[in-house]
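One-letter residues, chain by chain:
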Amino acid sequence: MIENQTAIVTGASRGLGRHVALRLAQERVRVAVAARTFDEVTRVAEEIRAAGGEALPLVIDVASWSSVEQGVATVRQQFGKIDILVNNAGVGWYKPFTEHTIEELDRTIDVNLKGTLYMTKAVLPDMQAAHYGQIVNVASDLGRRVIPGMAAYVASKFGVLGFAGSILREVKGSGVKVTTLTPGIIDTFFGGAVEGTKEETWSLRPEFVAGMIVDMLKLPKHWVVDELAIHAMGQEF
Ligand code: NAP
């Protein structure tokens, strides 16, 4: 079971990450609520504390190695150890490739792909030494299929899938699990949307996706869900 364990959830200020942080706290996991916006991570940490959970608001930019190093060191100092990492922070723009700015291209790769690598690098040595740890990567179904209008995002998520599958096989002997989610459309703030506004026949409710992530974290120690694909039936996939 995961009770009394510790977790870092990136991109936890809103959307899917917020729901994962709330659900983990319900399981009595101590949660570092990580994102770039101080007010928002503080608000989510307060929401967790108001419900009786334990939370640490953590300002972190997953695209910056120094920010990641510093943030992970703070969590280690406060919680003593890190059992669970949920690599959830992500950004994306839906428009023709030529209309993407260079800044958008950089951020797509830096946050979605490099951020996943940086966070994993920062926590993995301690997990391997402890012979225990669980890393969950929130990729996308667009890490397995291609569409027009999101070429940079698709490239970043294909990268996450490649990294995740390789690292799982590299560390599985050490007691560390790596699980990667490839969900379809989720009703969040992604891409400038507003959570709670998408039709549920073609979008997933983030609180249920968060529940599935937490259920996976509670599976027997010797089980690993290497990949989990999930879609609303009304979505093209
Ligand atoms: P969201 O509501 O826009 O939330 C994104 C989160 O990422 C926010 O907390 C944001 O906080 C954080 N973030 C962005 N840049 C960051 C950075 N550099 N460092 C740290 N945190 C950063 O989107 P969401 O739908 O919940 O996205 C969660 C994950 O699900 C993403 O990886 C996304 O690619 C994936 N996904 C989403 C969908 C969908 O349809 N929504 C489908 C499949 C997969 P700050 O801006 O405060 O940093």
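Above this note sits the structure.
The paragraphs below set out a description of the structure included in this document.

What counts, and at which threshold
- Residues numbered from 1 in each chain as written.
- Predicted model: local features only at pLDDT ≥ 70, side-chain atom pairs only at ≥ 80, totals over all residues.
- Heavy atoms only, no water.
- Near = heavy atom within 4 Å.
- Polar contact = N/O pair within 3.5 Å; in protein donor to acceptor, adjacent residues only side chain to side chain.
- Areas by Shrake-Rupley, 256 points an atom, 1.4 Å probe, with all protein chains shown as cover.
- Phe/Tyr/Trp six-rings, centres within 6.5 Å; stacked < 30°, edge-to-face > 60°.
- Helix = DSSP H or I, 4+ residues; strand = E, 2+ residues; numbered from the N terminus.
- Buried < 20%, exposed > 50% of the residue type's maximum accessible area, 1.4 Å probe, protein only.
- Pairing = 2+ DSSP bridges.
- Right-handed = clockwise from strand over helix to strand, strands pointing away.
- Axes fitted to C-alpha atoms, helices over the stretch in contact; angles between N-to-C directions.
- Left-handed = near helix turned anticlockwise from the far one by under 90°.
- Contact = heavy atoms within 4.5 Å.

Moving on, we get to the site of the ligand. The environment of the ligand is made up of 29 residues, and the closest members are Ser13, Arg36, Thr37, Tyr153 and Thr188. Take arginine 36: an N or O atom from its side chain is 2.7 Å from an oxygen atom of the ligand. Within the contact set of the ligand, an oxygen atom lies 2.8 Å away from a backbone nitrogen or oxygen of isoleucine 186. Protein contact buries 96% of the 890 Å² of open area that the ligand shows by itself.

The next point concerns the packing of aromatic side chains. In total, this model carries 2 aromatic pairs according to the counting rule given. Relative to tyrosine 118, the ring of tryptophan 65 has its centre 5.7 Å away and its plane inclined at 65°; by these criteria the two rings are edge-to-face. Placement of tryptophan 65 in helix H3 (residues 65-79) and of tyrosine 118 in helix H4 (residues 102-130) is noted, with a sequence separation of 53 residues between them. The class for tryptophan 65 is partly exposed, based on a relative accessible area of 29%. Using a relative accessible area of 21% as the deciding quantity, one classes tyrosine 118 as partly exposed.

Before going further, it helps to spend a moment on the pairing of strand E7 (residues 227-230). Burial along E7 is one-sided: Leu228 and Ile230 are buried, and none of Glu227 and Ala229, which face the opposite way, are. Judged from the 4 bridges that link them, strand E6 (residues 176-183) and E7 form a sheet pairing that is parallel. In the sheet register, threonine 180 faces E7, and the bridge partner there is glutamate 227. In this fold, E6 hands off to helix H6 (residues 206-217), which returns the chain to E7; that crossover is left-handed.

Where H3 meets H4, the closest approach of the two axes is 9 Å, and the angle between their N-to-C directions is 35°. In this structure, H3 meets H4 at a crossing whose hand is right-handed. Residues Trp65, Val68, Val72 and Arg76 of H3 lie in contact with H4, whose contacting residues are Tyr118, Met119, Lys121, Ala122, Val123 and Asp126.

On their own, these measurements won't tell you what the molecule is for.
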